[in-house]
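Chains, contacts and geometry: an overview
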Amino acid sequence: MGVIRKQYDVITIVLFFLFAVFLEYTEAFSLVEDETLSYRHLLRTYYADQAVTAPSDDVVIIYTDESFYEEYDKFPLRRTDLATIIVRLKEMGAVVIAVDMLLDFNSAYGEDPTLEDAMQEAGNVQLVSQAQFAADQFLLLNKAIPRFDVVTASGYSNISANSSISESIVRLRIYPQVSEESGEWPFAVKAVANFLGTDQISLDEHVLQIGEDLSIQLDQFNDLYIDYPLLPANGIGGASRLHEVVGLSASEIIFAEDEEELEELAFLVEGKIVLIGEVAEVAHDEFETPVGNVYGVSIIADTIATLLKGGTLRPASFIYEVLLALIMMCCFIATKMITNPLPRNSLSIGLVAAFVVGASLLYVYSGLIISVSYILLASMFSIAGINAKFYLAEMGQKALIKDAFGQYLSPSVVSDLVKDPDKLTLGGELREMTAYFSDIAGFSSFSEKMTPPELVLALNEYLTEMCNIIIGMDGTIDKFEGDAIIAFWGAPGIQEQHAKLACLASIDMNNSLVSLRQSWEKMGRPAINVRMGLNTGEMVVGNMGSAQRMDYTMMGDAVNLAARLEGANKAYGSDLMISEATYLQTKDFVDVRELDTIRVVGKSEAIKVYQLLERKDKTQGLVADLISQYNKAHELYKERDYVAAKAGFKLALAIAQEDGPSKTYVDRCEQYINNPPRADWDGVFTLDSKG
């Protein structure tokens, strides 16, 4: 179950594409798919081989339009005149005369015998019929009246859009049930068979076979994709109509004055399929197609041309479509490896664009029809799903960062980590930082003066006050150990002035203790004195611990030194000791006084230490006088004039009688006066305890 949760985006992508394959096979979105075919077909008409896209030389349209009826002076075309056209077309050498007129009623003017005789005389006439369906079930054929039907061939013409929403005619559907029950084939199919001189038409495994040599691949619904041709411009800002390019007005046939005139026109129809149909607006026989509105007779002509060329538009096999979907699916799954959203989404959009361009090129130049809308839809959902996974993961990571660091990091630092989690390196990272340690001086005596509940309340108040200052100065609280506070600056986010921030925070904490003591004194609580130690140096920081429990903490010699400096305050009666490394990075921001050069317990290297006093140039009043006198005495001490130094430190105590460092040096000077150090002494004082 855990694996499923982790890989739910992969599972979702797989489901998207499997569902897309199912939708493609069932053509659930034929409206959208036909729209993509329309755009691709427009490209095909302009950029494909013109030998393929040009209108067929084997089809001619004899049409009746507004100009014809204006000259004819009646509507519709009389059957006797249709008979004249048929007879004359036969004489002119037409191989097939296909009449796109449903002659399913008897003439009221006694014209039928004449038309019947003409059809019988021509012997190559084909009439249109209509197949009637109910819920895709074939019911019956509406054919021409019997006297016409027996002397002609026929084919049904039920051209309609595949979508109930769109009216665009993209394909011709061939119904096996109609041929099985009535022997009837689509009008265009029958015309091609008659043209080829064969009555052998079959449909097997979605392959339409006409005669022995003509095989046309259909799709899974037995649809033939119509390859509409490129038509020349009409000179008025649009394209010509097909009948204007490969057509002849019926008036040219009917009103021909003699056989010589017909012979001059014979080259237009000789050896061809001749379609007779209406292109007048009054006939309402116009349909929407990928290349614009086209008359019904023109759609039949384009369908015949497509068949004669062997089906120039070929649907890709279902296996090919599935393979393509699997390739796209794998590509999108692979993009999960890219965590940066810009290159990931750019690559994803590039994949989609490459697929669309590739499918379009195959359609344009080779006539291979690949379903676009279904894979496109699955791709869009996959991109959204992958981005949603990364978004949720990022939100979870941000929530985790806030939960993990919100209690001991400043809001600004947490916000910085949330914006850039890469700043939080898992495991250990060597980094220069400033470590802080503090402890309540004489905590045992301090705690004995309060009951346990009072102690807890006091500690919480103290720790809260101190931690607010640390966090307010963008510090990170490492941990609490009883009354001790351990913190650091310089991680998890990079802080160039970590030493400065640590010193300023320590000064603020030290100053806040003044008001805290006053408040506690009024409450009868014991006075609180805190020792603090700061050191700057390289230390390891990161998430450390076990797989079950991890803490973001620091370790290293520089950390241990900070802890030693906190304890070393006891030897000098000081409250806030910093190392020389910290001082050198902050000397432009703080006031200090030099305490000593010492060697702490467990360390062989000597370091110079300072007492941190105030922000730069903020040491005033008696404290400033004390520091001035102390510094004079300390210079005498370093020169080993212990008598004069002792006198100088006593003058400092006259200013502040409780000054710890001055007391320490008075005692040490007395000791050195009685027992002078060796002549080769390096001036380093070695502490014998941790504090």
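Let me begin by describing the structure that accompanies this report. (Residues numbered from 1 in each chain as written. Predicted model: local features only at pLDDT ≥ 70, side-chain atom pairs only at ≥ 80, totals over all residues. Heavy atoms only, no water.)

1. As for a nonpolar patch on the surface
To keep things clear, this is the line we draw: To count toward a patch, a residue needs a relative accessible area above 30% and no salt bridge. Like charges then connect within 9 Å, nonpolar side chains (Val, Leu, Ile, Met, Phe, Trp, Tyr) within 5 Å. All accessible-area figures derive from a Shrake-Rupley calculation using a 1.4 Å probe, and residue coverage is judged against the displayed protein chains alone. Between Lys or Arg on one side and Asp or Glu on the other, a salt bridge is scored when a side-chain nitrogen of the former is within 4 Å of a carboxyl oxygen of the latter. Numbering of helices and strands runs from the N terminus; a helix is a DSSP stretch of H or I covering at least four residues, while a strand is a stretch of E covering at least two.
Taken together, the side chains of Leu43, Tyr46, Tyr47, Val357, Leu361 and Tyr365 present a nonpolar region at the surface, about 690 Å² in accessible area. Those elements that place two or more of their residues in the nonpolar patch are helix H3 (30-47) and helix H16 (341-366).

2. Observations regarding empty space enclosed by the protein
Note the following rule: With a 1 Å grid spanning the protein atoms alone, the term cavity applies to any set of points in which a 1.4 Å probe fits but cannot get out, the term pocket to an open set with protein on both sides within 12 Å along at least five of seven lines, and the term lining residue to any residue with an atom within 4 Å of a point. Grid points are joined across faces, edges and corners, and a volume is the space filled by probe spheres set on the points. Amino acid classes used here: Ala, Val, Leu, Ile, Met, Phe, Trp, Tyr, Cys and Pro are nonpolar; Asp, Glu, Lys and Arg are charged; the rest, including Gly, are polar.
Counted under the stated rule, the structure contains three cavities of 30 Å³ or more. Of the pockets and cavities examined, the largest cavity occupies roughly 100 Å³. Along its surface, the largest cavity is lined by 15 residues, and Pro55, Ser56, Pro229, Asp302 and Ala305 are the ones closest to its centre. Contributing elements (two or more residues each) for the lining of the largest cavity: helix H11 (242-246) and helix H14 (296-308). For the lining of the largest cavity, the element with the most residues is H14, which contributes four residues. Residue composition of the lining of the largest cavity, by class: nine nonpolar, three polar and three charged. Computed from the structure, the second largest cavity encloses a volume of approximately 60 Å³.

3. Details of helix H22 (residues 557-572)
Worth spelling out the cut-off: For a helix, the expected span equals 1.5 Å multiplied by the residue count minus one. The angle separating two fitted axes, one through the seven residues that finish at a residue and one through the seven that start at it, defines the bend at that residue. Only protein chains enter the accessibility calculation, which uses a 1.4 Å probe; a residue is then buried when its area is under 20% of its type maximum, exposed when over 50%, and partly exposed in between.
An ideal rise of 1.5 Å per residue puts 22 Å on 16 residues; H22 measures up with 23 Å between its terminal C-alpha atoms. Glu566 marks the point of greatest bend in H22, at about 30 degrees. Those residues of H22 lying buried are Ala558, Val559, Leu561, Ala562, Leu565, Glu566, Gly567, Ala568, Asn569 and Tyr572. Phi turns positive one or two residues past the end of H22, at Gly573, with a value near 65 degrees.

4. Observations regarding the environment of Val601
For Val601, the location among the structural elements is in the loop between strand S23 (590-599) and strand S24 (607-615). Taking C-alpha positions, Val601 is 30 Å from Arg615, a pair spaced 14 residues apart along the chain.

5. What to know about the environment of Ser447
The following threshold applies: Between N or O atoms, a polar contact is any pair within 3.5 Å; within protein, one atom must be a potential hydrogen donor and the other a potential acceptor, and residues adjacent in sequence are included only when both atoms are from side chains.
Among the structural elements, Ser447 can be located in helix H19 (residues 443-448). Looking at Ser447, the relative accessible area reads 17%, which means it is buried. A distance of 2.9 Å separates the side chain of Ser447 from the backbone oxygen of Ser444, its partner in a polar contact.

6. What about the pattern of salt bridges?
Within this structure, the stated rule accounts for 25 salt bridges. As a salt-bridge pair, Arg525 and Glu461 come within 3.0 Å of each other at their nearest N and O atoms. Pair noted here: Arg525 is in the loop between helix H21 (498-522) and strand S20 (530-545) and Glu461 is in helix H20 (residues 452-472), with a separation of 64 residues, a long-range link. For Glu461, a relative accessible area of 32% translates into the label partly exposed. Across the salt bridge formed by Lys638 and Glu594, the nearest N and O atoms sit 3.4 Å from each other. Highlighted residues: Lys638 in helix H24 (residues 621-638) and Glu594 in strand S23, separated in sequence by 44 residues. Lys638 gets classed as partly exposed once you look at its relative accessible area, which sits at 40%.

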